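# Topology and contacts: notes
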Amino acid sequence: MADGLRFGLAVTPSAGDVAGMTALAQAADEAGLDLIAVQDHPYQPGHLDTMAALAHLGARTSRVRLLTDVADMALRPVPMLAKAAASLDVLTGGRFELGVGSGGFPDAVAAMGGNAVRGRAAVEFTAEALRLLRAALDADGPIAMDGRHHSVGGYEPGPATPHRVPVWVGAQGPRMLGLIGELADGWISPLNVYVPPGEVPAKQKLIDQAAARAGRDPAQVRRLYNVLGMIGGSRRGKGLFGDAETWAQTLAGWADGLRFDTFVFWPVTSELDQLRRFAQEVVPRVRELTA
């Protein structure tokens, strides 16, 4: 398992601290982390546009991969989202990964004039979007779709990407988890404060069952856990708190027992210091424990 494990850091696209955001991403790159994950909440006035922020960070890093955690498809038309993803993959030399969601805050989406979808409609919307995204990112000839939520008429996708851009889906409802098993490259679990470890096995099972029904190997669907907490902090409220060994033992247990292969750390404070502790003290120990 250790060779397949990946570790990342959540970087907030803060318009008020571009220098800090950039320094944090560069430190993650230099520390050897695998991913920089950037949330997408365009209705937050203090946030930069996530795609613009990732282009900025991609130009100032050299090896770390970049992930939308997750792009709001209710505000980003799928063909344009595919265009942005392909462009970022080209600009970063094949370092981009696309995480998407149906729009977790429909009222805020509607306030921006977006396509707010809820309930069963959100599942239908996402299923169409995933098929359209995959076809567009593969860039293999004209694409046409006349769906209930998406309609395109023979447009030419592109540019061709340096690598196959994986499409992850952030979700937690049963029907959405089924879509992940059927159509997506990976599951992005919401933060551990929203999907606690005890709820994970049942959700993993839904993904596995849907993958098997679709004729896919469930092991090919990657699994990412967003983990909020603090290394070296005493427990306070929800999240993961404790010393580096506590973190390492916990993440190793979640890798082996809950079958997560990717962990994205969301530090609650002192981000640069927390990043260094995570990269230097926690990650090597998790790899050792899961070897």
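Structure report, in brief. What you see is a predicted model; the values in this text were computed from it and never measured.

Next up on the list: the packing of helix 6 (residues 174-183) against helix 7 (residues 200-213). Between helix 6 and helix 7, whose axes approach to 7 Å, the crossing angle comes to 45 degrees. As far as their axial angle goes, helix 7 and helix 6 are oblique. In this structure, helix 6 meets helix 7 at a crossing whose hand is right-handed. On the side of helix 6, the interface is formed by Pro174, Leu177, Gly178, Ile180, Gly181 and Glu182, while helix 7 contributes Lys203, Leu206, Ile207, Ala210 and Ala211. Grouping the amino acids of the contact of helix 6 with helix 7 by side-chain chemistry returns seven nonpolar, two polar and two charged.

So, on to the packing of aromatic side chains. Any pair of aromatic rings gets described here by the distance separating the centres and the angle formed by the planes. All told, the structure shown has 10 aromatic pairs when counted by the stated rule. Between Trp247 and Phe278 the ring centres are 6.4 Å apart and the planes differ by 80 degrees, which places this aromatic pair in the edge-to-face class. Of this pair, Trp247 sits in helix 8 (residues 244-257) while Phe278 sits in helix 9 (residues 271-290), placing them 31 residues apart in sequence. Phe278 gets classed as buried once you look at its relative accessible area, which sits at 1%. Counting every residue linked through ring pairs, the aromatic cluster contains Phe7, Trp187, Tyr225, Trp247, Trp254, Phe260, Phe263, Phe265 and Phe278.

With that out of the way, let us pick up helix 1 (residues 18-31). The terminal C-alpha atoms of helix 1 lie 20 Å apart, and with 14 residues this matches the ideal 20 Å at 1.5 Å per residue to within 8%. Where helix 1 is concerned, the buried positions are Met21, Thr22, Leu24, Ala25, Ala27, Ala28 and Asp29. Packed against the buried residues of helix 1 are strand 1 (6-10), strand 2 (35-38), helix 2 (50-59) and helix 9. Directly beyond the C-terminal end of helix 1, a positive phi value near 90 degrees is found at Gly32.

This brings us to the packing of helix 2 against helix 3 (residues 78-91). At a minimum axis distance of 11 Å, the contact between helix 2 and helix 3 shows a crossing angle of 5 degrees. Relative to helix 3, the element helix 2 is oriented roughly parallel. Within the contact between the two elements, helix 2 uses Met51, Leu54 and Ala55 and helix 3 uses Leu81, Ala84 and Leu88. When its residues are assigned to classes, the contact of helix 2 with helix 3 shows six nonpolar, no polar and no charged.

With 20 residues, helix 5 (residues 119-138) extends 29 Å from end C-alpha to end C-alpha; this agrees with the ideal 28 Å at 1.5 Å per step. Ala139 sits one or two residues past helix 5 and shows a positive phi near 50 degrees.

Glancing now at the side chain of Glu97. Position of Glu97 among the secondary structure elements: in strand 5 (residues 96-101). The buried category is assigned to Glu97, whose relative accessible area is 4%. Polar contacts involving the side chain of Glu97 include one to the side chain of Trp168, which spans 3.0 Å. In this structure Glu97 touches Arg6, Leu35, Arg65, Leu66, Leu67, Thr68, Val165, Pro166 and Trp168, once residues within four positions along its chain are discounted.

Reading guide: rules and limits
- Residues numbered from 1 in each chain as written.
- Predicted model: local features only at pLDDT ≥ 70, side-chain atom pairs only at ≥ 80, totals over all residues.
- Heavy atoms only, no water.
- Axes fitted to C-alpha atoms, helices over the stretch in contact; angles between N-to-C directions.
- Helix = DSSP H or I, 4+ residues; strand = E, 2+ residues; numbered from the N terminus.
- Parallel < 35°, antiparallel > 145°, perpendicular 65-115°, else oblique.
- Left-handed = near helix turned anticlockwise from the far one by under 90°.
- Contact = heavy atoms within 4.5 Å.
- Nonpolar A, V, L, I, M, F, W, Y, C, P; charged D, E, K, R; others polar.
- Phe/Tyr/Trp six-rings, centres within 6.5 Å; stacked < 30°, edge-to-face > 60°.
- Buried < 20%, exposed > 50% of the residue type's maximum accessible area, 1.4 Å probe, protein only.
- Expected span 1.5 Å × (residues − 1).
- Polar contact = N/O pair within 3.5 Å; in protein donor to acceptor, adjacent residues only side chain to side chain.

These figures capture arrangement, not role.
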